[in-house]
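Architecture at a glance
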Amino acid sequence: MAFMKRNVNGARRHPMAAILVIAAGLAVSGGGYAAATAAVETTKPVNAALSQAQVDEGHKLFLANCASCHGRNGEGTQNAPSLIGVGAAAAEFQVDSGRMPAQASGPQIMKKTSQFTGEQIDAIAAYVGSLGPGPAIPTDAQLAANGNATRGGELFRINCAMCHNAVGAGGALTQGKFAPALTGVPADHIYEAMLTGPQNMPVFNDANLTPTDKKDIITYLTYVQDHPSAGGYELGNLGPVVEGLFVWIFALGFIIALTIWLGAKSN
Amino acid sequence: MSDSKSIASGKGSQEPEHDYATGLAVIAADKVVDPGMEPHRVRMTDKSVKHEKAAARQVAALFLVSVLGSIFAIYAYFAFPLTDDLGTVRDNTLFMGLGIVLGLFGIGIGAVHWAKTLMPDAEVSEERHQTRGSEAVRARAIEIIKLADSESGFSRRKLIRRSLYGALALFPIPAIFFFGDLGPNPKDTLRHTMWKAGTRLTKDPTGLPIKASDVTLGSVFHVIPEGLAELPHHKLEEKAKAAVLLVRLDPADLKESPERKNWSYDGIVAYSKICTHVGCPVALYEQRTHHLLCPCHQSTFDVTDECKVIFGPASRPLPQLPIAVDSEGYLIAQSDFTEPVGPSFWER
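This structure is a prediction, so every number in the text was calculated from the model and none was measured.

1. Re the overall build of chain A
Assigned secondary structure in chain A consists of twelve helices and two strands. What you see in chain A, going N to C, is helices and strands ordered as α-α-α-α-α-α-α-α-α-β-β-α-α-α. Counting across all 267 residues of chain A, residues that qualify as buried make up 39%. Contacts in chain A between residues at least 24 apart in sequence constitute 67% of all its contacts with a sequence separation of at least 6.

Shown next as structure tokens:
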């Protein structure tokens, strides 16, 4: 199967998966359940049984790229945590989103273009998953945005919105840390982030947010991305600070300019 | 005596600070000299016919902008129709609004430009009147008051005057009772929440109970008391007081005072979600620093250290809910909060 690398815009690395995302988006806006089912069926089975060859390949890649910080067997060192039991989901999230291998230390490890092919990421994830029981990579059926967007919105506002903003525009935390914007983030990354709690994000395990809850949240995020805000231009959806700044600079500036013109004598 | 005289005479000999001669208005003695009118500047539109015609065209153009704006508003109404999709409201209101704004703005700006460039530009100055009335007007006013008094007999008829005073004094008294009923006295409701010994901790919004084993390390649960959804009324008020954040930490990270040792369960701690500053929901939890942030004013609480304030305007730690586990493994409250939740109020 031909793979292509993830591009800077955050598009999926698998051509087939890109079709899934487009198809799922169309299905939600069109409201056709049948279309969504078809989209799920056309995708490759991501969660196929992990073969020993894949695990071995993953171990090789791990030794070359990860072991200097995480230890030769993923046991962790002073520089990085143990990976035993973090699960394949955590490894796929970190490596596929480009956060790992980390480019530089800092308040927060930043997202960047992944340096591995899809096959290599699958292999690394398989190896890390084999280290100990942990969250598995979600299936395409779990990721399809065909849940209940209303319920997803409620769950998102209760569990996620305080950091990620009510429509997933992201927000600031302390000392340079931040909750990233969720626009354009692929569904598998959102699901895996909830499951594994990367960096300072808390863990939302399946007892807290069930797979149905997670599907609904993904459906909600897909919906708000596909539908423009009814209230006017969003200005980045960042709320009163941005809106206030806009009004102070442009609206008040305009009023002041108009007042000066009104009071000036004609030449 | 001679001292006081000299002071008095000394004062009298000084320049008066203010000049009251012209009336009650205080006029500083060292007032700035009136610079008078600026020299009149002849406008270009008065000097050249070319400029005058240009200005006239500009005014007409601005009125034309108004015409186009109004037509565009009507066009926009049809071009950006409202459909079942809520998103269509945006373009409909935006473009119709822009058209209407241009329609009104063109008229206004055109009128001002017209007045500034083409209407007569003679400059006029008007003196302010004195505040004090003339002697004749003042005398006449006193005359009218006296006449009214004698005709009504207000000074003469003591009975009427005093009964009127009584009526006026009593008139505002009912307001005390009226306003006294505004908003029921909250009594001690601010000191108590729904939590009782044995109340199960349940998930917001589903109301499903939480097993201690479900709360894995690094997890955050947004918690409401069991039975909140079944309340007949005041659901939101109760939720606003009882909302709790449930977090599991490595027990080795927890710094607990001796009297709170049994308030947590195997590293699971529950704290009120209501900020002690002005009551926003404190829910931004950083899993690795164990800091809990309030989104409104960035108060930061340290979950490892009984939610003490480490930054921001909050002045008190978040109240902790003592928790335990029942025979089925579900998390329950040991009691209500031991202190009032949320911001300060009177008598607290």
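2. Considering the overall build of chain B
Within chain B one finds eight helices and 13 strands. Taken along the three principal axes of its C-alpha coordinates, chain B extends 95 × 80 × 55 Å. Counting every position in chain B, which comprises 348 residues, the buried fraction comes to 21%. Sequence separation of at least 24 residues holds for 55% of the intrachain contacts in chain B that already meet a minimum separation of 6.

3. Quick notes on the interface of chain A and chain B
With 25 residues of chain A at the contact, the number on the chain B side is 31 residues. With three residues, the top contributor of residues to the side of chain A that touches chain B is helix α8 (residues 149–159) of chain A.

4. Let's talk about the packing of helix α5 (residues 87–96) of chain A against helix α10 (residues 187–196) of chain A
Residues and elements named next belong to chain A. Contact pair α5 / α10: the axes reach a minimum separation of 9 Å and the direction vectors enclose 125°. Regarding the angle of α5 to α10, the classification is oblique. When the axes of α5 and α10 are compared, the crossing they make is left-handed. Of the residues in α10, those touching α5 at Gly87, Ala89, Ala90, Glu92, Phe93 and Asp96 are His189, Glu192, Ala193, Leu195 and Thr196. Among the residues forming the contact of α5 with α10, the class breakdown is five nonpolar, three polar and three charged.

5. Structural notes on the sheet that holds strand β9 (residues 300–302) of chain B
Residue and element names in this part refer to chain B. The strand order across the open sheet formed by four strands is β7-β8-β9-β10, and the pairing between neighbours is antiparallel. Unpaired on one side and paired on the other, β7 (284–286) and β10 (308–311) mark the two borders of the sheet. Adjacent strand axes in the sheet meet at a mean angle of 30° when their direction is disregarded. With three bridges connecting them, β7 and strand β8 (residues 291–293) associate as antiparallel partners. Each residue of the ladder has a partner; that of Tyr285, found in β8, is Leu292.

6. Quick word on the sheet that holds strand β5 (residues 244–248) of chain B
Residue and element names in this part refer to chain B. Spatially, β3-β4-β5-β6-β11 is the arrangement adopted by the five strands of the open sheet, whose pairing is antiparallel. Strands at the two margins of the open sheet, each flanked by one partner only, are β3 (201–203) and β11 (320–321). Pairing between strand β6 (residues 268–272) and β11: two bridges, direction antiparallel. Residue pairing for β11: Ala270 is matched across the bridge by Leu321.

7. Describing the packing of helix α3 (residues 49–79) of chain B against helix α4 (residues 88–117) of chain B
Helix-helix packing is described using two parameters, namely the angle between the two axes and the distance between the axes. Residue and element names in this part refer to chain B. For the pair α3 and α4, the least separation of the axes is 7 Å and the interaxial angle reads 165°. By the angle between their axes, α3 is roughly antiparallel relative to α4. The interaxial crossing formed by α3 with α4 has left-handed handedness.

How each quantity is defined
- For every chain, the first residue of its written sequence is number 1, and the numbers climb from 1 along that sequence.
- To read the labels, note that chains go from A and ligands from 1, taken in the order they are written.
- For a predicted model such as this one, the threshold for reporting local features is a pLDDT of at least 70, and the threshold for listing and counting side-chain atom pairs is 80 or more; totals across whole chains, interfaces and linings nevertheless cover every residue.
- Helix numbering and strand numbering both begin at the N terminus, where a helix is a DSSP run of H or I of at least 4 residues and a strand a DSSP run of E of at least 2.
- Counting other C-beta atoms within 10 Å of its own, a residue is labelled buried from 20 upward, exposed at 12 or fewer, and partly exposed in the gap between, with every C-beta atom placed from the backbone.
- By definition, residue pairs are in contact when their C-beta atoms, positioned from the backbone, come within 7 Å.
- Axis geometry follows a simple rule: fit a line to the C-alpha atoms, using only the stretch in contact for helices, then measure angles between N-to-C directions, giving values from 0 to 180 degrees.
- Geometric relationships in this document are graded by angle, where less than 35 degrees denotes roughly parallel, more than 145 denotes roughly antiparallel, 65 to 115 denotes roughly perpendicular, and other angles denote oblique.
- Note on convention: near helix rotated counterclockwise from far helix by under a right angle means a left-handed crossing. Clockwise means right-handed.
- Note that Gly is not counted as nonpolar here; it falls among the polar residues with everything else outside the nonpolar set of Ala, Val, Leu, Ile, Met, Phe, Trp, Tyr, Cys and Pro and the charged set of Asp, Glu, Lys and Arg.
- A pair of strands counts as paired when DSSP detects no fewer than two bridges linking them.

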